[in-house]
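Working through the structure, step by step
Residues per chain, in single letters:
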Amino acid sequence: MSASGNQLPMEFLTAVAAGAEPGSAAALMAAGQAQERSGDRQAEELLEALLRGPFRENAPGWMLTAAVAKGLRREESDYLASTTIELAALALGHPDFDSGLLADALRDCSAYRLGLLGSAERPPVLVAAVVAELHRRVPQAPPFAPTMLKDRTPAQDVLRTEPLDDRVFDAAVALLPGAPERVRAKDESPSEWSKRFRAEYDEWKHMWRTVLEQQPDRHARFVAATDGSEACSVVEEQLLGSLPWTVEPGLLRRIALDDLATFDTAMLTTRICRVMADGASAESAREQFATELAALSDQERREVDLYVKDGSALGADLGLRSAVFWASHAADVPWRLVLDPAEAKPRFGDPYPWRTPPEELADLASRFALVAEQALHTWQPREHYGISQAADLRWVHAMLVHLPEVTAETRAAVQRIVRDARRNPNRPRSYRPQDYEDHEQFTKLLTDITRIVADPLPQSSATRRAALGDPVEVTSRQLSAVEPALLTAYLDQHAGNDQLVEKALLSCAQRGGYRSEPVFADILARHSDPQHALRTLTHGLRRRLGGSPNDRESWARQVLALPDHDRETVLALPAWTTLTVGGPRYRGSIHPIVLTLITTTLGDDPLAWQRFADSPISHAGPTAWLRLGEVLDAAKHGTPWPKPPASR
């Protein structure tokens, strides 16, 4: 310290240290200041500058010890430690740091700090020490226990850091908890053990999901590191079913196609059981499919044996549904988000962005649909009761939406399922909230599927997703809820259907009239007699549109916004609305064509104008529907006021 007691600014000393040469007077001065002022909180930046600069090859012991002490402040939380860990890493990885002291320092670190010290681009000596310390704490992977979700193992804590050095990452993954032990306690019944094990297994899968979320750029390495183990199937299941939007496109495609390939075993089981159901013995059925059975892996063969090994009627009956079970489970769990990417979203907010392009997702969904179509043709109704759960229909809906083409045979098979679904009472299975939710989904899926197969014309996958159904049955209100592009595609598909065009025109009013597409005039042009259609719809507007003031105003705005105006159509508009809605270019004022019609009709007759002012037109109620032309005629001729047009 100077004789005057003043201290050089720490910012100045840090700058000097950063630019000083090893062994220079400036470096020695800055080091001396760092040693004298070791208690200063700002000394951390000075020590880091010294170890990155003039003392990066050779450093005194006091400097390394001070750097470790400041970088690994034990009194601070792990969260705050991330701001000083770089200083500790510089010292611990320094060539002059004693290897024994290095091991001791790491032994005192929390597992999370151990991960921070093992991040990418650390010195090899530090990385090796971190791996050794991790193995010391976890000699081998333990079986999973439920407490590990809250009280994480060291390997789980290390994997909270990203990016990790590859060697640290591989070591941590290898030491993650394995599957729960399949051991039943002496006081547990088989059902109690099964329930407990299933719950623990689900929690183990949740652990894997958390780890995969924390390492979003290492998914392929997770798959490679767990290859051949039970964990690999869980990793792939989580990537496909729980986190597909985060997965690199090539990896997601490989996992998805591998999963599709497992359908072949389910389909083979169904085919064998079909032969058994027709009267063949298990032995003769096996002989008939001997070549295909021989090509199966041991695991696949065990799956087939679950249904056909004893030749029982019950086993064959369950096996008959194997292909349908596969499709139902796939659409309900692992493939659910791939089939409907918009469903991948947080509880609040927009859907997640996907790494896989939409066209790739569409191709995968199409491949799933083709597989599900095979399962569809094996479906058989149950004897006593129909299907009743959303999972029974979700795969059918997904298949219909994503198939490149829905054939007449497929349509007929789906209609059989629809009839079966209607056999059950229209109520949930119990009073549990989840059953009510499932019943609502079941009802919606059944409605959408019914509309798809009711449409007599071939549909695109886009219009099938909208599920508009037969144009005879569809309503203008249903059309109003459809995206403009899908409505346009639906109209293209049913070109020449004037009744559908009229419903679409009404739907423009029911959607508010604020969307730029589809354009009202473009839809009107699809009609074989546009002027007659517009005049007829407007004259019967109350009966066709209903009582919503917004819909009424929207219709008037759409009509008045047309480039050409038919006099009879404008006079058929509701009077009050016509006086207040001027169209897009005339907001806040009367439309010129309306003003012209009124002034021309009433002329210079003060009594006619006064009668018009006293007319019963209003903004609400039945008189809101009085037509402009009829009111003008009554005002001009002094005749009784017209009655409101009939409602629905």
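Residues numbered from 1 in each chain as written. Predicted model: local features only at pLDDT ≥ 70, side-chain atom pairs only at ≥ 80, totals over all residues. Heavy atoms only, no water.

**Some details on the overall build of the protein chain**
Secondary structure assignment for the protein chain yields 39 helices and 0 strands. Computed over the C-alpha atoms, the radius of gyration of the protein chain is 37 Å, more than 25% above the 26 Å expected from 2.2 N^0.38 for a compact globule of 648 residues. For the protein chain, buried positions account for 47% of its 648 residues. For the protein chain, contacts bridging at least 24 residues in sequence account for 67% of all contacts bridging at least 6. Just so you have it, the protein chain exposes about 32300 Å², and 53% of that area is on carbon and sulfur atoms. (Helix = DSSP H or I, 4+ residues; strand = E, 2+ residues; numbered from the N terminus. Rg over C-alpha atoms; globule rule 2.2 N^0.38 Å. Buried < 20%, exposed > 50% of the residue type's maximum accessible area, 1.4 Å probe, protein only. Contact = heavy atoms within 4.5 Å. Areas by Shrake-Rupley, 256 points an atom, 1.4 Å probe, with all protein chains shown as cover.)

**Notes on the packing of helix 16 (residues 263-277) against helix 19 (residues 298-308)**
In the contact formed by helix 16 and helix 19, the axes pass within 10 Å of each other and the chain directions differ by 30 degrees. Classified by the interaxial angle, the pair formed by helix 16 and helix 19 is roughly parallel. Crossing hand, helix 16 versus helix 19: right-handed. Side by side, helix 16 and helix 19 meet where T265, T269, I272, C273 and M276 of the first sit next to E300, E303, V304, Y307 and V308 of the second. (Axes fitted to C-alpha atoms, helices over the stretch in contact; angles between N-to-C directions. Parallel < 35°, antiparallel > 145°, perpendicular 65-115°, else oblique. Left-handed = near helix turned anticlockwise from the far one by under 90°.)

**Remarks on the packing of helix 2 (residues 25-36) against helix 3 (residues 43-52)**
Axis angle and axis distance: for two packed helices, these are the angle between their axes and the distance between the axes, and together they describe the pair. Interaxial distance between helix 2 and helix 3 falls to 10 Å at its minimum, and their mutual angle equals 145 degrees. Considering the relative orientation of helix 2 and helix 3, their crossing is left-handed. Touching A27, A30, A31 and A34 of helix 2 are L46, L47 and L50, all from helix 3. Here the residues of the contact of helix 2 with helix 3 sort into 7 nonpolar, no polar and no charged. (Nonpolar A, V, L, I, M, F, W, Y, C, P; charged D, E, K, R; others polar.)

**Remarks on unusual backbone geometry**
For the bond running from E162 to P163, omega is 5 degrees, close enough to zero to count as cis. Its location among the elements puts P163 in the loop between helix 10 (154-158) and helix 11 (166-174). A positive phi angle, close to 70 degrees, is found at E121, a residue other than glycine. By secondary structure assignment, the location of E121 is in the loop between helix 8 (111-117) and helix 9 (124-137).

**Focus on the packing of aromatic side chains**
One pass over the full model with this rule turns up 10 aromatic pairs. Pairing Y201 with W204 gives two aromatic rings, centres 5.3 Å apart and planes at 65 degrees, and the pair type is edge-to-face. With Y201 and W204 both in helix 12 (residues 190-214) and 3 residues apart, the pair spans about one turn of that helix. The ring centre of F169 lies 4.7 Å from the NZ or CZ of R218, which sits over that ring. Taking NZ or CZ as reference, R552 lies 4.8 Å from the ring centre of W625, over its face. (Phe/Tyr/Trp six-rings, centres within 6.5 Å; stacked < 30°, edge-to-face > 60°. Lys NZ or Arg CZ within 6 Å of the ring centre and 35° of its normal.)

**A short note on the side chain of E373**
Structurally, E373 can be placed in helix 23 (residues 358-376). One polar contact links E373 to T410, side chain to side chain, over a distance of 2.5 Å. Apart from residues no more than four positions distant in its own chain, E373 is found in contact with M399, L403, T407 and T410. (Polar contact = N/O pair within 3.5 Å; in protein donor to acceptor, adjacent residues only side chain to side chain.)

**Examining the nonpolar core**
Counting residues in hydrophobic clusters, the biggest one holds 126 residues, and the most contacted among them are L92, L117, W208, W335, F368 and W395. Sorting elements by how many residues they give to this core places helix 23 first, with 9 residues. With residues near it in sequence (within four places) discarded, L92 still touches V68, L72, F97, L102, A105, L106, L117 and L126. Counting 43 residues, the second-largest nonpolar core is a separate cluster that includes L500, I523, L534 and L541. (Core = buried A, V, L, I, M, F, W, Y, C linked by side-chain atoms within 4.5 Å.)

**Digging into the environment of R535**
Counting through the fold element by element, R535 comes out in helix 32 (residues 530-539). Note: C-alpha distance between R535 and W62 (473 residues apart in sequence) is 95 Å. Residues in contact with R535, not counting those within four places in the same chain, are D566, E568 and T569.

**Regarding the pattern of salt bridges**
Inspection of every chain in the model, using the stated rule, returns 40 salt bridges. For R37, the salt bridge is made with D40, and the minimal N-O distance between the two is 3.9 Å. A residue is classified by how much of its surface remains accessible, and R37, at 8% relative accessible area, is buried. Linking R254 and E236 is a salt bridge whose minimum nitrogen-to-oxygen distance equals 3.7 Å. With a gap of 18 residues between them, R254 in helix 15 (residues 249-261) and E236 in helix 14 (residues 230-241) connect regions that are remote in the sequence. Judged by its relative accessible area of 18%, E236 is buried. A cluster of three or more residues bridged by salt bridges with shared partners is formed by E48, R52, E86 and R122. (Salt bridge = Lys/Arg side-chain N within 4 Å of Asp/Glu carboxyl O.)

**Things to note about the confidence of the model for the protein chain**
Per-residue confidence for the protein chain gives a mean pLDDT of 88; residues scoring 70 or more make up 92%. Summarising per-element confidence for the protein chain, the mean pLDDT is lowest in helix 5 (residues 78-81) (62) and highest in helix 15 (97). Counting contacts from residues 1-5, a segment whose pLDDT is below 50, to residues more than four positions away or on other chains yields 3 contacts. (pLDDT = per-residue confidence, 0-100.)

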